[in-house]
Amino acid sequence: MENTPRAVHLDNRQVRVLAHPLRIRLLGTLRADGPATATTLAEKLDTNTGATSYHLRQLAEVGLVTEDLDRGTGRQRWWRAAHDISNFEPTDFDDDPDARAAVQWIQGDQVRLLAEQAERWMAVEHGYSRQWRDAAGMSDMLLTLGPAQLRALNDEMWQLLERYRDEEVTDEPEAESVLVFLAAFPRVEG
């Protein structure tokens, strides 16, 4: 049975709250690793429990994280991501300069994360099997497209990624979590 991911189309308030280094890391960690306490998250993200608790509450106020009431006991509060996927259209925020700036920060953080993760992979890839090293990689291609074609390309790529996400991995003993970044934008001369 297909497990449809929970998605949220971010609004102005949510993007403004999410545009913070610790908050975006908290949400990402909860999505990748599942429910956790503020203490566990603080240890994992090398910060303090007070800051983690505060920022979890900020994320909860806008519906991006929620308490996992099935796990909480006494004073121990467990948190989980309220959604698996966040999405938005950059033009959603054309009339809100603060939200537009927040979106630019979030997108810049995605680029930073891509570079960071690629560097981590390159530092350890020699320890992986030949199959992993040949399968992983990055590439680029210059296409000439109009906005409608670029939208169609992005939509098709997203559908392909969803298909792979939804497939059960049964015959791959070396299966691991794999990061896939998708970026496509007009080439701007520097």
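The following paragraphs examine the structure supplied in this document. (Residues numbered from 1 in each chain as written. Predicted model: local features only at pLDDT ≥ 70, side-chain atom pairs only at ≥ 80, totals over all residues. Heavy atoms only, no water.)

Describing unusual backbone geometry
The line we're drawing: Put simply, DSSP H or I for four residues or longer makes a helix, DSSP E for two residues or longer makes a strand, and each gets a number counted from the N terminus. Whether a residue is buried, partly exposed or exposed follows from its accessible area with a 1.4 Å probe, protein chains only, as a fraction of its type maximum: under 20%, in between, or over 50%, in that order.
Positive phi, close to 55 degrees, is recorded for Asp46, a residue that is not glycine. Positionally, Asp46 belongs in the loop between α3 (38-45) and α4 (49-61). Its relative accessible area of 73% is what places Asp46 among the exposed residues.

What about the packing of helix α2 (residues 21-33) against α4?
Let me state the cut-off plainly: Interaxial angle, 0 to 180 degrees, is taken between N-to-C directions of lines fitted to C-alpha atoms, where a helix line uses only the stretch in contact. Every angle not falling under 35 degrees, over 145, or within 65 to 115 is termed oblique; those three ranges are roughly parallel, roughly antiparallel and roughly perpendicular. Pairs of residues are marked as contacts when any of their non-hydrogen atoms sit within 4.5 Å.
Across the interface, α2 lies against α4 with an axial gap of 10 Å and an inter-helix angle of 80 degrees. As judged from the angle between their axes, α2 and α4 are roughly perpendicular. Touching Leu22, Arg23, Leu26, Leu27 and Leu30 of α2 are Ala51, Thr52, Tyr54, His55, Leu56, Gln58 and Leu59, all from α4.

Quick look at the environment of Arg100
What counts here: Polar contact is the term for a pair of N or O atoms within 3.5 Å; when the atoms are in protein, one must be able to donate a hydrogen and the other to accept it, and sequence-neighboring residues count only if both atoms are side-chain atoms.
Take Arg100: it is sitting in helix α5 (residues 97-124). Given a relative accessible area of 35%, Arg100 falls into the partly exposed group. Expressed as a C-alpha distance, the spacing of Arg100 and Val15, which sit 85 residues apart in the sequence, is 8.6 Å. Those residues in contact with Arg100 that lie beyond four places of it in its chain are Phe93, Asp94 and Asp95. Among the polar contacts listed, one links the side chain of Arg100 to the backbone oxygen of Asp94, at a separation of 2.7 Å.

Remarks on the sheet that holds strand β2 (residues 36-37)
To be explicit about the condition: DSSP calls a pair of strands paired once it identifies at least 2 bridges connecting them.
Read from one edge of the open sheet, 3 strands run β2-β4-β3, paired in antiparallel fashion. Sheet topology places β2 and β3 (65-67) at the edges, where each strand pairs with a single neighbour. When β3 meets strand β4 (residues 78-81), the two strands line up antiparallel, connected through 3 bridges. Each residue of the ladder has a partner; that of Thr66, found in β4, is Arg80.

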